[in-house]
Amino acid sequence: MSLQVWWLPISRLQTPLCSKASPQPTTAIAVEVLPSPSSQQLSIKQLFPWVAMNTSCGANLELSRCIAASPVCRLKSSVFEPKSCVPKLQGFSKKLLPLCKDINARSNRERSIAFSVTCSASQVDTAADEPSSLTYKDAGVDIDAGSELVRRIAKMAPGIGGFGGLFPLGDSYLVAGTDGVGTKLKLAFETGIHDTIGIDLVAMSVNDIVTSGAKPLFFLDYFATSRLDVDLAEKVIKGIVDGCQQSDCALLGGETAEMPDFYAEGEYDLSGFAVGIVKKDSVIDGKGIKVGDVLIGLPSSGVHSNGFSLVRRVLKQSGLSLKDQLPGETITLGEALIAPTVIYVKQVLDIINKGGVKGIAHITGGGFTDNIPRVFPKGLGALIYQDSWKIPPVFKWIQEAGRIEDAEMMRTFNMGIGMVLVVSPEAADRILGEVEKTSIAYRIGEVVKGGGVSYS
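Residues numbered from 1 in each chain as written. Predicted model: local features only at pLDDT ≥ 70, side-chain atom pairs only at ≥ 80, totals over all residues. Heavy atoms only, no water.

Draft legend 1. Just the sheet that holds strand E14 (residues 357–362), in detail. Pairing is mixed across the open sheet formed by six strands, whose spatial order is E14-E16-E13-E17-E15-E18. At either end of the open sheet lies a strand with only one pairing partner, and these are E14 and strand E18 (453–455). In this sheet, adjacent strand axes meet at a mean angle of 30° when their direction is disregarded. Where strand E13 (residues 294–299) and strand E17 (residues 442–449) come together, four bridges link them in antiparallel fashion. (Pairing = 2+ DSSP bridges. Helix = DSSP H or I, 4+ residues; strand = E, 2+ residues; numbered from the N terminus. Axes fitted to C-alpha atoms, helices over the stretch in contact; angles between N-to-C directions.)

Here's what the structure looks like:
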């Protein structure tokens, strides 16, 4: 079986390709499968997975980079010079290379390049075990399963499902939250950087409860390990203390559990618990949100503390290590990924106190897709303005190295926005102006009729 792939001018567009530098499609591909009597019939999707992708730009990013960008072609007498159009093979996915017995580049009268890829059934079956585009589920995390568990728990304990749990106390609510830092701990183990992971631990809980307008009061931690290394534990607790200071809450206590043979040597696990308070008449609950309200995004420091199972899978697939430089940047991958989660407590409480805030979403697991709608009344959705904020380079590397779809990125990572405020149009300009005096904020979208999250 022979797979014919043509790189055609845009006028012959069938499946668009997009380069990273230009989001607009400039070339297209046409695919023709030529059956051979000696070959097993195979689908185009098996042979060339990009063809079946849903989106034109994100889905075909690798093919655009490897075919449209890699060949170094010179024009000569208005036609391509065949010998100068041999494609470079670096950058192709592991799924494509084993399939190809030969790749021939040649010119034709339409000034396009034709590639003939000959594949066998046995080679396809072997290569198909590795996904061409990584997902969070591929890395072992099923967001849908987590959502289903929350739905079932809500039947037994009505009222849960928000970022923090509210408990009435006189004219106020106590607001509680609990979380961990997930497999970001694996990076701490590998890099030996333990004095900031505690900041992440505090951040995950206090950022949750501040979405209700609650001021954190105190924090409790749980540290578990097989064999207690006092020096290492001290570094972790130091980070927790730093996090509590940043959020202006007390480290009230905690539990240190030493459990032989339960964890690998040198490893540990962390959990955190935060409690805050807010007046009942000052709760931020999203009930007043309406069409036309503005979404303001506060920037993240990077990946924060979610999505690291997928990050680690991408890192492994890329062949790079945490000590390698983040492509195009001056820091290492380890430094970019271990950067502690931003604690938004003081900044958000200050914004709330000046009025106009109707809802707040902490962008954690589930990304934009699952977190922003949590604060909306039924019948409303979010329209996100693409390119309205600066996406940190680490996310661009993750997407390219893992060949991850745009939709998967937006449902897994914060993409550079760690907290989203829903504010009235009248308050939007004032809030943006005040925040930008000391830090950064972006107008990233608006509330619309419908549901979910869309992009324009």
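Draft legend 2. Expanded view of the packing of aromatic side chains. One pass over the structure, following the stated rule, counts five aromatic pairs. Between the aromatic rings of Phe 262 and Tyr 263, the centroid separation amounts to 5.1 Å while the plane-to-plane angle is 70°, which identifies the pairing as edge-to-face. Among the aromatic side chains, those forming a connected cluster through ring pairs are Phe 189, Phe 223 and Tyr 268. One residue, Lys 280, lies across the ring of Tyr 173, its end atom 5.5 Å from the ring centre. Over the ring of Phe 163 we find Arg 374; its NZ or CZ atom is 3.9 Å from the centre of that ring. (Phe/Tyr/Trp six-rings, centres within 6.5 Å; stacked < 30°, edge-to-face > 60°. Lys NZ or Arg CZ within 6 Å of the ring centre and 35° of its normal.)

Draft legend 3. Local environment of the side chain of Ser 300. Position of Ser 300 relative to the elements: it lies in the loop between E13 and helix H8 (308–318). Residue classification places Ser 300 among the buried residues on the basis of a relative accessible area of 13%. A polar side-chain atom of Ser 300 sits 3.1 Å from the main-chain carbonyl oxygen of Gly 302. Residues contacting Ser 300, with those up to four places away along its chain left out, are Val 342, Tyr 344, Phe 395, Asn 414, Gly 416, Ile 417 and Gly 418. (Buried < 20%, exposed > 50% of the residue type's maximum accessible area, 1.4 Å probe, protein only. Polar contact = N/O pair within 3.5 Å; in protein donor to acceptor, adjacent residues only side chain to side chain. Contact = heavy atoms within 4.5 Å.)

Draft legend 4. A look at the environment of Thr 256. Relative to the assigned elements, Thr 256 resides in strand E11 (residues 250–258). For the pair Thr 256 and Asp 221, spaced 35 residues apart in sequence, the C-alpha to C-alpha distance is 8.5 Å.

Draft legend 5. Representation of unusual backbone geometry within the structure. A positive phi is found at Asp 248, a non-glycine position, where the angle reads about 55°. Position of Asp 248 relative to the elements: it lies in the loop between helix H7 (230–246) and E11. With relative accessibility at 46%, the residue Asp 248 sits in the partly exposed group. A positive phi angle, close to 60°, is found at His 304, a residue other than glycine. Along the chain, the position of His 304 falls in the loop between E13 and H8.

Draft legend 6. Layout of the environment of Ser 309. Its place among the elements puts Ser 309 in helix H8. Dropping the residues within four chain positions of it, Ser 309 is found in contact with Tyr 136, Ala 139, Val 141 and Thr 183.

Draft legend 7. Region of interest: the environment of Arg 151. Considering the arrangement of structural elements, one finds Arg 151 in helix H4 (residues 143–156). With relative accessibility at 41%, the residue Arg 151 sits in the partly exposed group. A polar side-chain atom of Arg 151 sits 2.6 Å from a polar atom in the side chain of Glu 148.

Draft legend 8. A look at the packing of helix H6 (residues 197–209) against H7. Following both chains from N to C, one finds H6 and H7 inclined at 45°, their axes separated by 6 Å at the closest point. One way to sum up the angle between H6 and H7 is to call them oblique. You can see that H6 and H7 cross each other, and the crossing is right-handed. Seen from H6, the contacting residues are Ile 197, Gly 198, Ile 199, Leu 201 and Val 202; seen from H7, they are Val 236, Gly 239, Ile 240, Asp 242, Gly 243, Cys 244 and Gln 246. Within the contact of H6 with H7, the residues separate by chemical class into seven nonpolar, four polar and one charged. (Parallel < 35°, antiparallel > 145°, perpendicular 65-115°, else oblique. Left-handed = near helix turned anticlockwise from the far one by under 90°. Nonpolar A, V, L, I, M, F, W, Y, C, P; charged D, E, K, R; others polar.)

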